[in-house]
Amino acid sequence: MAVFTYTALNKSGVLTNGDITAQDRADAFRRLDRNGLQPVSLQPKDEGSALPQTKAPEKAAAEAKAAKDVPKGDSAKAKPGEAEKAKPGVPVGPIKLKRGDVILFTEELSDLLAAGLQLEPALRIMESRDELSGVKDVTTILRSRIRDGASFSQSLKVASPNFGELYCNLAAAGEISGALPKILRRQSEYLLSVQALTNKVTVAMIYPVCLMIAGFAVSILFVSYLIPQLTQLLKSMGKELPFAAKAIMGVGDFAMSYWWAIAMVIGLVVWGFQRITNSPTYREPWDRTKLTLPFFGPLISQRFFVQFLETLSNLVGNGLPLLRALELTRDATVNRHLKGLTTKVIAMVGEGGSLSRSLRKVGFFPSLLTDMITVGEQTGDLEHSLERTAMRYEKELQKTIDRGTAMVTPLIIFVMAIIVGTMAYLMVSVILQSVTSIKR
């Protein structure tokens, strides 16, 4: 712990001086913020005695006025790039990152923090590495904001939009509980599992996509060349076109003539669906509907159980009261429906109910999960009970992912076989009917 001398504005806008004990400079800023003080300057104790003499009255007054005009928490809520523009050499955020860059950043930072480094020195080490490319710029922005007293989770939102709401909320929970290295490590494992699933699906899609492209090419060949040739032959003989030929030609002509309209309609449908599902009115119903979808519903539910149990275990294990730990766990939940269920659990626990009984009353949580939590409550070892339950559901989640990945290839091949087979049947029917008409 270190002692810092500060000059800050209180809630009345009056300049006050004093000392504060904190782990580091960033922690001192957070403590001042919790005390309702807006810092104007902050120096270590050995430099603090000279502080009043080193600042000219005009400069102190200007800084006080600037701090007073800025709302509380401005360092965390500033517009992206504002703080960076004022400092030469600091990149202007937000910086776009690829998924691999986010994973690299998370793994690197969690390893450094787990080795015993504080957050700011760990970011300084990452900033000094040349091969981190975009991650280097993000790290520079994060380190600059943290040195100015902003929290890590809020700085993530400013530095890059690719961290996402879930990532930032988990980081906030880790900051408060002191379990940031462990939470970052588990988040990197989760991101790696998502990337592995994406890679599996991509590999599984190679053969079906090739089959689809081949079928599409054959369809274009038939519609654009073979069937028109037969059509001209039948017209020259005064024969009527078969119905299948008319249907295929009509669809082909419409697609060639109005492809732009078709693309526009598809784009509008996708855009409208995204706007509706992201609106405050329909966001919660859509999140609830996602839990009922085949395969994806169980996947989302099991992922929520793992995240809920792991986050709660980390927070409780680091000394946070159960009610506060539940609130932080709720904030780390992206699904609005699941967030509402967690809010109900918090209300029941706040009224004196046990965690396991509250989860049962909500009705969404499995009985196995609540039973294992009951054992932890009875033995007084809730932290390890939550951790063991999280490990169990993590295995179930991995099994669900493996089953889904194994089903992707045969399912897509089956669908493509139906589509290509239907097209082949229609075209062969056209040819046979055309040949029959010629013979007549």
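For the structure given in this document, a descriptive report is provided here.

The rules behind each value
Residues numbered from 1 in each chain as written. Predicted model: local features only at pLDDT ≥ 70, side-chain atom pairs only at ≥ 80, totals over all residues. Heavy atoms only, no water. Helix = DSSP H or I, 4+ residues; strand = E, 2+ residues; numbered from the N terminus. Contact = heavy atoms within 4.5 Å. Areas by Shrake-Rupley, 256 points an atom, 1.4 Å probe, with all protein chains shown as cover. Buried < 20%, exposed > 50% of the residue type's maximum accessible area, 1.4 Å probe, protein only. Polar contact = N/O pair within 3.5 Å; in protein donor to acceptor, adjacent residues only side chain to side chain. Phe/Tyr/Trp six-rings, centres within 6.5 Å; stacked < 30°, edge-to-face > 60°. Expected span 1.5 Å × (residues − 1). Arc of directions from axis to C-beta. Salt bridge = Lys/Arg side-chain N within 4 Å of Asp/Glu carboxyl O. Axes fitted to C-alpha atoms, helices over the stretch in contact; angles between N-to-C directions. Parallel < 35°, antiparallel > 145°, perpendicular 65-115°, else oblique. Left-handed = near helix turned anticlockwise from the far one by under 90°. Patch = residues over 30% accessible without salt bridge, like charges linked within 9 Å, V, L, I, M, F, W, Y side chains within 5 Å. Lys, Arg positive; Asp, Glu negative; His and termini not counted. Charge placed at Lys NZ, Arg CZ, Asp CG, Glu CD.

## Thoughts on the overall build of the protein
- Secondary structure assignment for the protein yields 21 helices and 3 strands.
- For the protein, restricting intrachain contacts to residue pairs at least 6 apart in sequence, the fraction spanning at least 24 positions comes to 59%.
- Accessible surface for the protein amounts to roughly 24,200 Å². Of this, 62% is attributable to carbon and sulfur atoms.

## Quick word on the side chain of T311
- Tracing the backbone shows T311 in helix α16 (residues 296-317).
- A relative accessible area of 5% means that T311 is categorised as buried.
- At 2.7 Å, the side chain of T311 and the backbone oxygen of Q307 are in polar contact.
- If sequence neighbours within four positions are ignored, T311 has contacts with L170, A173 and T329.

## Considerations on the packing of aromatic side chains
- The final tally for this structure, using the stated rule, is 14 aromatic pairs.
- Pairing F295 with F296 gives two aromatic rings, centres 5.3 Å apart and planes at 70°, and the pair type is edge-to-face.
- Owing to a relative accessible area of 32%, F295 belongs among the partly exposed residues under this scheme.
- Between F305 and F364, the aromatic rings sit 5.5 Å apart at their centres with planes inclined by 50°, giving tilted as the arrangement. Here F305, found in helix α16, pairs with F364, found in the loop between α19 (355-362) and α20 (367-379); they are 59 residues apart in sequence, far enough to count as distant.
- The exposure class assigned to F364 is partly exposed, which follows from its relative accessible area of 25%.

## A closer look at the environment of T370
- Relative to the elements of secondary structure, T370 occurs in helix α20.
- Note: C-alpha distance between T370 and S356 (14 residues apart in sequence) is 5.1 Å.
- The residues touching T370, leaving out its near neighbours within four places in the chain, are S356, L359, R360 and F365.
- Only 2.9 Å separates the side chain of T370 from the backbone oxygen of S367, close enough to count as a polar contact.

## Focus: α20
- Here α20 spans 18 Å end to end across 13 residues, near enough to the 18 Å set by a 1.5 Å rise per residue.
- When we look at burial in α20, the residues that qualify are L369, T370, I373, T374 and G376. When α20 is viewed along its axis, its buried side chains cluster within an angular range of 165° and face the same direction. Projecting away from the buried face of α20 at angles above 90 degrees are the exposed residues S367, Q378 and T379.
- Looking at the residues trailing α20, positive phi occurs at G380, about 75°.

## What to know about the pattern of salt bridges
- For the structure shown, the criterion picks out 10 salt bridges.
- Among the ionic pairs, D111 bridges to R185, the shortest N-O distance being 2.1 Å. Residue D111 is located in helix α7 (residues 99-114), and its partner R185 is located in helix α12 (residues 180-236); the two are separated by 74 residues in the primary sequence.
- Relative accessible area serves as the criterion here: at 43%, D111 is assigned to the partly exposed category.
- One salt-bridge network, in which partners are shared between bridges, spans E120, R124, E127 and R143.

## Points about the packing of α19 against α20
- At their nearest, the axes of α19 and α20 sit 8 Å apart, and the two run at 165° to each other. The orientation of α19 relative to α20 falls into the category roughly antiparallel. Note on packing geometry: the crossing formed by α19 with α20 is left-handed. In this structure, α19 uses L355, S356, L359 and R360 to contact α20, whose residues at the interface are L369, T370, D371, I373, T374 and E377.

## As for the environment of F216
- Tracing the backbone through its elements, the reader meets F216 in helix α12.
- The sequence separation of F216 and V420 amounts to 204 residues, and the corresponding C-alpha distance is 8.2 Å.

## Description of unusual backbone geometry
- Positive phi, normally seen in glycine, also occurs at F295, with a value near 65°.
- Tracing the backbone shows F295 in the loop between α15 (280-290) and α16.

## Quick word on the side chain of T329
- Looking at where T329 falls in the secondary structure, it is placed in helix α17 (residues 322-331).
- The exposure class assigned to T329 is buried, which follows from its relative accessible area of 1%.
- Non-local contacts of T329, meaning those with residues more than four positions away in its chain, are made with F308, T311, L312 and L315.

## So, a positive patch on the surface
- A cluster of like positive charges, contributed by R392, K395, K399 and R403, occupies part of the molecular surface.
- Checked against the element boundaries, K399 lands in helix α21 (residues 382-439).

Don't take any of this as a statement about function, it's just geometry.
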